[in-house]
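Residues per chain, in single letters:
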Amino acid sequence: MAKVHVTSRINGQTQEFLCEPNQTILEVLRDELGLTGTKEGCATGDCGACSVLVDGRLICSCLMLGAEAAGKDIETIEGVAGEELHPVQTAILEHAALQCGICTPGIVVAAKALLEKHPDPDETTIRYWLAGNLCRCTGYDKIIRAVQDAAKTLAHPA
Amino acid sequence: MGAFAYVAPQSVDDVVAALGAADRAQVIAGGTDLLVQMRSVDREPRTIVDIKSLAETNRLDIGDDEVYVGAAVSSALMNENEALCNLLPGVTEAGDLIGSTQIQGRATICGNLCNASPAGDSIPALIAAGAICDIANANGGRELPVDEFVTGVGTNALEPGEFLLGVKIPRPAAHSRDAYLRFIPRTEMDIAVAGCGVSVTLDDDGTCTAARVAIGAVAPTAILVPAAADALIGGKLDEAALQAAGEACTAASSPITDKRGTAEYRRKVVAVLCRRAAEIAGQRARGA
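Residues numbered from 1 in each chain as written. Chains lettered and ligands numbered in written order. Predicted model: local features only at pLDDT ≥ 70, side-chain atom pairs only at ≥ 80, totals over all residues.

Brief notes about the domain arrangement of chain A
All names here are of chain A. According to the domain assignment, chain A consists of domain 1 (4-79) and domain 2 (87-155). With centres defined by C-alpha atoms, the gap from domain 1 to domain 2 works out at 21 Å. Contacts between domain 1 and domain 2 engage 13 residues on the former and eleven residues on the latter. Broken down by element, the side of domain 1 that touches domain 2 gets its largest block of residues, three residues, from strand β3 (residues 51-54). Here the residues of the side of domain 1 that touches domain 2 sort into seven nonpolar, five polar and one charged. (Domains from an automatic or database assignment. Contact = placed C-beta atoms within 7 Å. Helix = DSSP H or I, 4+ residues; strand = E, 2+ residues; numbered from the N terminus. Nonpolar A, V, L, I, M, F, W, Y, C, P; charged D, E, K, R; others polar.)

Given below as structure tokens:
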């Protein structure tokens, strides 16, 4: 099977990789590029654990081929924090909005994307936006509070 | 035994050639159905033909006579287009009901159509809106009304070597708007138990002069219900007309019983959805 040669920008860095034609970008990130922060949950687009941004658009990386990433800008959980944690990450820690943590990278990526599009979302907007990010531990309330808190921090940085 | 291959042709002709060249070729647009099927249901090797590099499939145009939605246009992109949402609220809200934010970032209404699930939400909405499929092939292409495109559960009218380039939707006139409603047991992220798309045109007095009603998830394919439209036309969408339209939808449906609902339940619910969608479409048409 002929591998596909792909050049993308991943977290701001130009990256070249070879992938199988039927390999997902999730598998490429984890298995070829060592970016294991992005998690595989269901592998069918239901759980959101593998959420990444492609050209600024939130998607499930389990439902995109590596070959489709040619020329695309991809942001993963590894690209979220700078010198310090992103306010969404800090808020999730402070609100104890995680337990086992497998859904957390996807929730951080999705919540950050939400706040970039809707800086002041109401609770309904947050819940619908995150409806594709399943969490079996927290019962969601702490996640919602954390996102509301992060929105405040982003609007009024300390 | 073939192998997997991936190609991203740069022209319509090259897509058609790629579809003809492989033993087994399959088009990918959003990939939200294809990847699940390819990785868990049918793992056989094939050539994956990506149609997202074409200018034609990325078209999202609101013209004087028609709206064009290319096959690579995601549901998220449609719902961010305010003019489109104002003009075809039924079609855009159907796309907005399918899957999560993540799914809508990739999924396309044309893919929903090609996948041909009986419960596909955008299909009744597109039928109600009078959409026409723009099909590319080696002979200069052809057009087909959306209600003739889906031929059965998971099957469509595309011949080998053909692919769906986009859909053309007649631009709604003044006092003409659509609506789509579905019922699911939860509020989000589920598959329709029943769905109904309605488009109505009113005259200056509020009398309905034209209508299209389509129902989904209550038959092997989404279907146009002319009797429901007839019940709406000529009146002012009053109680009797809404009741009759709903009854026509119940009569036209042939649902199955499954874990989401019994056949009897679906027949009742589709009537309620028709009434409510017609009322919403009427309100929108009055304001348009």
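The discussion continues.
As for the sheet that holds strand β2 (residues 13-19) of chain A
Residues and elements named next belong to chain A. Strands sit in the order β2-β1-β5-β3-β4 across an open sheet of five strands; the sheet is mixed. The open sheet has two free edges, formed respectively by β2 and β4 (57-60), since each of these has just one partner strand. The mean angle between the axes of side-by-side strands here comes to 40°, regardless of whether they run parallel or antiparallel. The pairing of β3 with strand β5 (residues 73-75) spans two bridges and is classified as antiparallel. (Pairing = 2+ DSSP bridges. Axes fitted to C-alpha atoms, helices over the stretch in contact; angles between N-to-C directions.)

Examining unusual backbone geometry
All names here are of chain B. One non-glycine residue with positive phi stands out, namely A116, at about 55°. Position of A116 relative to the elements: it lies in the loop between α7 (109-115) and α8 (122-128). C-beta crowding within 10 Å serves as the criterion here: with 22 such atoms nearby, A116 is assigned to the buried category. In this structure, L237 is a non-glycine residue whose phi angle is positive, near 55°. (Buried ≥ 20, exposed ≤ 12 C-beta atoms within 10 Å, placed from the backbone.)

Concerning the interface of chain B and chain A
With 23 residues of chain B at the interface, the matching set in chain A holds 26 residues. For the side of chain B that touches chain A, the secondary-structure elements that each account for two or more residues are β1 (5-7), α2 (34-41), β3 (47-50) and α6 (101-104) of chain B. Looking at which element gives the most residues to the side of chain B that touches chain A, the answer is α2(B), with five residues.

Here's the deal with the packing of helix α2 (residues 87-94) of chain A against helix α5 (residues 141-155) of chain A
Residues and elements named next belong to chain A. Interhelical geometry of α2 versus α5 gives an angle of 135° and a closest axis separation of 8 Å. When the axes of α2 and α5 are compared, the pair comes out oblique. The element α2 and its partner α5 pack so that their crossing is right-handed. Where α2 abuts α5, its residues P87, V88, A91 and I92 lie against A146, V147, D149, A150, T153 and L154. Considered class by class, the residues forming the contact of α2 with α5 number eight nonpolar, one polar and one charged. (Parallel < 35°, antiparallel > 145°, perpendicular 65-115°, else oblique. Left-handed = near helix turned anticlockwise from the far one by under 90°.)

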